[in-house]
Amino acid sequence: MSKAHPGCLFCRILRGEIPATVLGRSERSLIIADIAPQAPLHALVIPARHAADIGEFMAESDADAELADLFALALAFAKEKNIDRTGHRLVINTGSDGGQTVGHLHLHLLAGRPMGWPPG
Ligand code: AMP
Ligand code: ZN
């Protein structure tokens, strides 16, 4: 983790200051259960490095490797849960119109029911 970001919810979860249901981890990312699940399976894949959103995250020089790690962890978990066969949805909400409520980049992994389209 690069900086402390004391007020950031996901930084605090990453540091173990706030409890969470940890579903897996990699060198650079953590996967936890969402506290308010929107599907039978709803996990959040969180990069260890704090970035407010995907734009800020990608501006860093090592972002490609970190992004690859984030997706690899999500897909490994999907395989573990056998939802690589039935299907799933990966979502990154960005900003107010995107519906982002936590200012630390994260990937939603949703599965276990058919998803509607378009999203709300
Ligand atoms: P977003 O709205 O895309 O920023 O996603 C934030 C997600 O974090 C929401 O789905 C929340 O339910 C979830 N969330 C908020 N607080 C916690 C927490 N303490 N542990 C796990 N998930 C959380
Ligand atoms: Zn953070």
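Caption draft 1: Examining the coordination of the zinc ion (ligand 2) more closely. Looking at the zinc ion (ligand 2), the protein donor atoms are Cys8 (SG), Cys11 (SG), His50 (ND1) and His104 (ND1), and they sit 2.0 to 2.3 Å from it. Given four donor atoms and angles of 106 to 116 degrees at the metal, the environment of the zinc ion (ligand 2) is assigned as tetrahedral. Along the chain, the residues that donate to the zinc ion (ligand 2) are spaced as C-x2-C-x38-H-x53-H. Here Cys8, found in the segment before helix H1 (9-14), pairs with His50, found in the loop between strand S3 (41-47) and helix H2 (54-58); they are 42 residues apart in sequence, far enough to count as distant.

Caption draft 2: Structural context of the pattern of salt bridges. Following the criterion strictly, the structure yields five salt bridges and no others. For Glu17, the salt bridge identified is with Arg12, shortest N-O distance 3.0 Å. You can call Glu17 partly exposed: its relative accessible area is 42%. A single salt-bridge network, built from bridges that share partners, covers Arg12, Arg15 and Glu17.

Reading guide: rules and limits
- Residues numbered from 1 in each chain as written.
- Chains lettered and ligands numbered in written order.
- Predicted model: local features only at pLDDT ≥ 70, side-chain atom pairs only at ≥ 80, totals over all residues.
- Heavy atoms only, no water.
- Donors = N, O, S within 2.8 Å, 3.2 Å for Na, K, Ca; no water.
- Tetrahedral: all angles 85-135°; square planar, octahedral: opposite > 155°, others 65-115°.
- Helix = DSSP H or I, 4+ residues; strand = E, 2+ residues; numbered from the N terminus.
- Salt bridge = Lys/Arg side-chain N within 4 Å of Asp/Glu carboxyl O.
- Buried < 20%, exposed > 50% of the residue type's maximum accessible area, 1.4 Å probe, protein only.

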